[in-house]
Amino acid sequence: MKKIFVALSVLFAVVSLNNDKQIEVYGQQQATEMSRASYFVEELANKALAKVKEPNISMTQVVDYFWILLDEYFAIKSIAILSLKLYWKQMNAEQKEAFIKHLRNMLARTYSSKFVDFKNAQCQISGEREKTQRMKEVLSSIKITDKEYKVIWTYDSKQNKIVDVSVDGVSILQSLTDVTQSAIAKKKLSVFLAEWKQKYENLHPKNTDKMGESE
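Student: Is there a simple way to think about the packing of helix H7 (residues 172-186) against helix H8 (residues 189-200) in this case?
Tutor: For any two helices packed against each other, the geometry comes down to the angle between their axes and how far apart the axes lie. Two numbers describe how H7 lies on H8: the axes approach to 8 Å, and their chain directions differ by 125°. Here H8 runs oblique to H7, going by the angle between their axes. Judged by residue contacts, Leu 176, Thr 180, Ala 183 and Ile 184 of H7 engage Leu 189, Phe 192 and Trp 196 from H8. Of the residues in the contact of H7 with H8, the class split is six nonpolar, one polar and no charged.

Student: Got a minute to help me understand the packing of aromatic side chains in this structure?
Tutor: Between two aromatic rings, the relevant description is the distance of the centres plus the angle of the planes. Under the counting rule described, the total for this entry stands at six aromatic pairs. Seen from their ring centres, Phe 40 and Tyr 155 are 5.3 Å apart, and the 55° between their planes marks the pair as tilted. Of this pair, Phe 40 sits in helix H2 (residues 36-52) while Tyr 155 is found in strand E4 (residues 147-156), placing the two residues 115 residues apart along the sequence. Under the relative-accessibility criterion, Phe 40 is labelled buried at 7%. Ring centres 5.2 Å apart and planes at 25° place the aromatic pair Phe 99 and Trp 196 in the stacked group. Remark: Trp 196 occurs in helix H8 and Phe 99 occurs in helix H6 (residues 93-115); sequence separation between them is 97 residues. Note on accessibility: Phe 99 and Trp 196 belong to one class, buried. An aromatic cluster is built from Phe 99, Phe 192, Trp 196 and Tyr 200, whose rings are joined through pairwise contacts.

Student: Just checking my understanding: could you explain helix H4 (residues 76-84) for this structure?
Tutor: Structural remark: α-helix, 3.6 residues per turn; residues separated by three or four positions point the same way. Every buried residue of H4 is listed here: Ile 76, Ser 78, Ile 79, Ala 80, Ser 83 and Leu 84. One or two steps after H4, the chain reaches Lys 85, where phi turns positive at roughly 55°.

Student: I tried to follow the layout of surface pockets on my own but got confused; where do I start?
Tutor: Empty space among the atoms becomes apparent when a probe as large as a water molecule is rolled across them. Empty space within the largest pocket amounts to approximately 190 Å³. Along its surface, the largest pocket is lined by Glu 94, Gln 95, Ala 98, Phe 99, His 102, Ser 190, Leu 193, Ala 194, Trp 196 and Lys 197.

Student: Sorry if this is basic, but what is going on with the nonpolar core here?
Tutor: One recurring pattern in soluble globular proteins: nonpolar side chains tend to sit buried together. Counting residues in each nonpolar core, the largest one holds 51 residues, and the members touching the most others are Phe 74, Phe 99, Leu 103 and Phe 192. If near-sequence neighbours (up to four positions away) are discounted, Phe 192 is found in contact with Leu 84, Phe 99, Thr 180, Ala 183, Ile 184 and Lys 187.

Student: Is there a simple way to think about empty space enclosed by the protein in this case?
Tutor: The tally for this structure, following the rule as stated, stands at two cavities of 30 Å³ or more. Surrounding the largest cavity, Phe 74, Ile 79, Leu 107, Tyr 111, Val 163, Asp 164, Val 165, Ile 172, Leu 173 and Leu 176 form its lining.

Conventions adopted
Residues numbered from 1 in each chain as written. Predicted model: local features only at pLDDT ≥ 70, side-chain atom pairs only at ≥ 80, totals over all residues. Heavy atoms only, no water. Axes fitted to C-alpha atoms, helices over the stretch in contact; angles between N-to-C directions. Helix = DSSP H or I, 4+ residues; strand = E, 2+ residues; numbered from the N terminus. Parallel < 35°, antiparallel > 145°, perpendicular 65-115°, else oblique. Contact = heavy atoms within 4.5 Å. Nonpolar A, V, L, I, M, F, W, Y, C, P; charged D, E, K, R; others polar. Phe/Tyr/Trp six-rings, centres within 6.5 Å; stacked < 30°, edge-to-face > 60°. Buried < 20%, exposed > 50% of the residue type's maximum accessible area, 1.4 Å probe, protein only. 1 Å grid on protein atoms, 1.4 Å probe; cavity = no way out; pocket = protein on both sides within 12 Å on 5 of 7 lines; lining within 4 Å. Points joined across faces, edges and corners; volume = space filled by probe spheres on them. Core = buried A, V, L, I, M, F, W, Y, C linked by side-chain atoms within 4.5 Å.

Listed below in structure tokens is the structure:
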């Protein structure tokens, strides 16, 4: 899980996105206006920034809001299916619904707890490129003090949602897939799901009332 946490720690670390510069669309002419994919990423970042900068906001409120952002902007069900692979077909409807809920809880808790330390970072979209006819990759960089991270957001144009984010070459989807596949291989699927539920059934772990506190 370490790779996931490292990547998630910079995902929402945004101060501003530069709307004025040209956005390079690879394989096409340069466009002075952001495409739908780039605008989608910008909108997500701006909403996250606005919430975190609210005065006197609690960690619980941040987690709640990030849960909403994940539901609105990320294709959580697709991420669940892709990470579980063939195991998804072995699960019944109740197990699938529960796994999606717990996955969203895990991501919301991780995003919010890691984000606090990086809320004064700077992010800029530098371009985008087609991955497939359906998928676009939005290219961006996030600078935190003297360190810069290359962040690629994979946008599904059919769902109008994000299906993966890669930070300095570390794909959150691939990292999650590695973790789930390895864990299930070592134990039964039912055992993995039971442990996953125990860890992430509740959106709010204990002692997360103050900003900066984590589980």
